[in-house]
Amino acid sequence: MQLSRRKFFTLAGASAAGTLMMSPLEALYARKANGQSVFGGGYGPLIADPNGLLDLPRGFQYEAFSRTGEMMSDGSPVPGGHDGMAAFPGPQNTVILVRNHELSPNSTTQVVGPNPYDPLCKGGTTTLQVGPNRQLINHYTSLSGTYRNCAGGPTPWGSWITCEENVSTLATNRPGNATNVSKSHGYNFEVPAQATVPVNPVPLVAMGRFNHEAVAIDPKTGIVYETEDRGDSLFYRFIPSQRNNLSAGGTLQALKIKNMPQAKTFAGFPKRQPMPVEWVTIDNPDPATDTVRVEGFGKGAAQFARGEGIWYGNGEVYFCCTNGGSVDANGRPNGFGQVWRYLPDQDMIELFVEAKSAEELDGPDNIVVAPNGDLIICEDGNDEQFLVGVTPNGELYRLAKNAINDRELAGACFSPDGKTLFVNIQTPGITFAIWGPWMSQRGA
């Protein structure tokens, strides 16, 4: 993901200097605005997988590994709830994957480790080493005892920030409740990609205690942008006190649209209209109750409809709002999804793309870029679940389908050399390495 985010605009988009090429999302919007079809052939129709796991276009292959219940190299079973993930370069041309597990205290599987953050919680991360032949070499626990590790993001210094999507505390415990906890949750944790033993879980308290989803880091400034998975979420930035050292503390802020205090951006919001923003400081980033977004909104911060996947590229930040959407003829939001763009150098934000139908996009979530510049989106909507591609000329196509069930695909990320796409089916937990003719002519 780190490499793909960095390459996004050099491969397929308009740079800060202003080239004539458009990013896939810009081209998609232009096609819609001009009344052109947004649907293309991509790499051709999906071929039914005889193994019933993952349907792919002709010419593409996959390797499946690290399935829930298999025994890992450290002697513990592979946990379920495979979710967010990033790929890092490993020794001897290997790839290291750090993978989240979105598990609750009452889940049927757990991440087993010797030093859990909270012994009552079953989430965490596992680390996988994959060889040049796309065969799994080893896999093991790298963080344990956290609550619903959903997504996160890679750092420029070679680590993974894993995010808790839950804000339980001792005060929310109830007698006999299977989801009781022994510590407060709602934090980010850092996992070095090169760690070969479970890390000591240290919550990054200053980054906020809320329903975290994902992060993206601006390598020019070291500022971390954070999304929150709630229907009334805010969009945050964390300014660290020390660059490349998130545990040293810093300042948490929430985005406010200038001259539009407490803007609610869920539906019916103007598209492609850059708006100046300012940032309100969160005085209490680690509250006893779930009030970070309440404080920010009270200071005028804008609300978003479930902020999820996010990435940084060439000075711009894009993030998905899974439940945002256009307003229909009856004035009701459709909730098929939005993509927002924030320009740090200009301190401007705009609603970039808004789906009008589930056929276009159905709950855009994790996002990454293929080696040929196509944007790959993991859907988290209803019914069948697909990886949806967006070409540089703005055409949508389906790259893969979960052939097992209707559970989400998650954690899409490319190997550092850009030749392999890794992705998870969340339940039953399976990790896939996908390869094929990325640079070939689409529609073949």
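Keep in mind that what you see is a predicted model, and the values were worked out from it rather than measured. (Residues numbered from 1 in each chain as written. Predicted model: local features only at pLDDT ≥ 70, side-chain atom pairs only at ≥ 80, totals over all residues. Heavy atoms only, no water.)

(A) Layout of the side chain of Asp229. Turning to its location among the elements, Asp229 is positioned in the loop between strand 12 (224-228) and strand 13 (236-242). Engagement of the side chain of Asp229 in a polar contact is seen with the side chain of Arg306, the distance being 2.6 Å. What Asp229 contacts, discounting residues up to four positions off in sequence, is Glu165, Asn211, Glu213, Arg306, Gly307 and Glu308. (Helix = DSSP H or I, 4+ residues; strand = E, 2+ residues; numbered from the N terminus. Polar contact = N/O pair within 3.5 Å; in protein donor to acceptor, adjacent residues only side chain to side chain. Contact = heavy atoms within 4.5 Å.)

(B) Broad picture of unusual backbone geometry. Note the cis peptide between Thr427 and Pro428, where omega equals -5°. Mapped onto the elements, Pro428 comes out in the loop between strand 25 (421-425) and strand 26 (430-435). If you check the backbone angles, Asn244 has positive phi at about 65° while not being a glycine. Residue class for Asn244 comes out partly exposed when judged on its relative accessible area of 48%. Despite not being glycine, Arg272 shows a phi value in the positive range, around 55°. (Buried < 20%, exposed > 50% of the residue type's maximum accessible area, 1.4 Å probe, protein only.)

(C) Looking closely at the nonpolar core. Among the nonpolar cores identified, the biggest contains 25 residues, and Leu54, Leu387, Leu399, Leu421, Phe432 and Ile434 are the most heavily contacted of them. Of all the secondary structure elements, the ones that give two or more residues to this core are strand 2 (54-57), strand 3 (61-65), strand 21 (375-379), strand 23 (396-402), strand 24 (409-414), strand 25 and strand 26. Not counting residues within four places of it along the chain, the set of residues in contact with Ile434 comprises Leu54, Leu56, Phe60, Gln61, Tyr62, Lys419, Thr420, Leu421 and Val423. (Core = buried A, V, L, I, M, F, W, Y, C linked by side-chain atoms within 4.5 Å.)

(D) Broad picture of the sheet that holds strand 5 (residues 95-101). Spatially, four strands are ordered 4-5-6-7 in an open sheet, and the strand pairing comes out antiparallel. In the strand order of this sheet, the two ends are held by strand 4 (82-89) and strand 7 (136-146), each with one partner. Each strand axis lies, on average, 20° off the axis of its neighbour in the sheet, ignoring direction. Alignment of strand 4 against strand 5, held across six bridges, turns out to be antiparallel. Following the sheet pairing, Met85 is matched in strand 5 by Arg99. (Pairing = 2+ DSSP bridges. Axes fitted to C-alpha atoms, helices over the stretch in contact; angles between N-to-C directions.)

(E) Highlighting the environment of Asp283. Secondary-structure assignment places Asp283 in the loop between strand 15 (275-281) and helix 3 (292-298). Under the relative-accessibility criterion, Asp283 is labelled exposed at 61%. Between the alpha carbons of Asp283 and Gln346 there is a distance of 25 Å; along the sequence they are 63 residues apart. Discounting chain neighbours no more than four positions away, the residues touching Asp283 are Glu295 and Lys299. Within polar-contact distance, the side chain of Asp283 engages the side chain of Lys299 at 2.7 Å.

(F) Geometry of the confidence of the model for the chain. The predicted model of the chain averages 90 in pLDDT, with 93% of residues at 70 or higher. Here residues 1-21 scores under 50 on pLDDT; set against residues more than four positions off or in separate chains, the count is 60 contacts. (pLDDT = per-residue confidence, 0-100.)

(G) Examining the pattern of salt bridges more closely. In this structure the tally under the stated criterion is 19 salt bridges. Residue Asp283 pairs with Lys299 through a salt bridge whose shortest N-O separation is 2.7 Å. Taken together, the positions of Asp283 in the loop between strand 15 and helix 3 and Lys299 in the loop between helix 3 and strand 16 (307-313) put the pair 16 residues apart, joining distant regions of the chain. Look at Lys299 and you get partly exposed, because its relative accessible area is 31%. One connected set of salt bridges, linked through shared partners, spans Arg230, Asp232, Asp290 and Arg293. (Salt bridge = Lys/Arg side-chain N within 4 Å of Asp/Glu carboxyl O.)

(H) Fine view of the sheet that holds strand 8 (residues 149-154). Here we have three strands laid out as an open sheet, ordered 8-9-10, and antiparallel in their pairing. In this open sheet, the two edge strands, each paired with only one partner strand, are strand 8 and strand 10 (188-192). The sheet shows a mean angle of 30° between the axes of neighbouring strands, direction not considered. For strand 8 and strand 9 (residues 159-164), the ladder comprises four bridges, and the chain directions are antiparallel.

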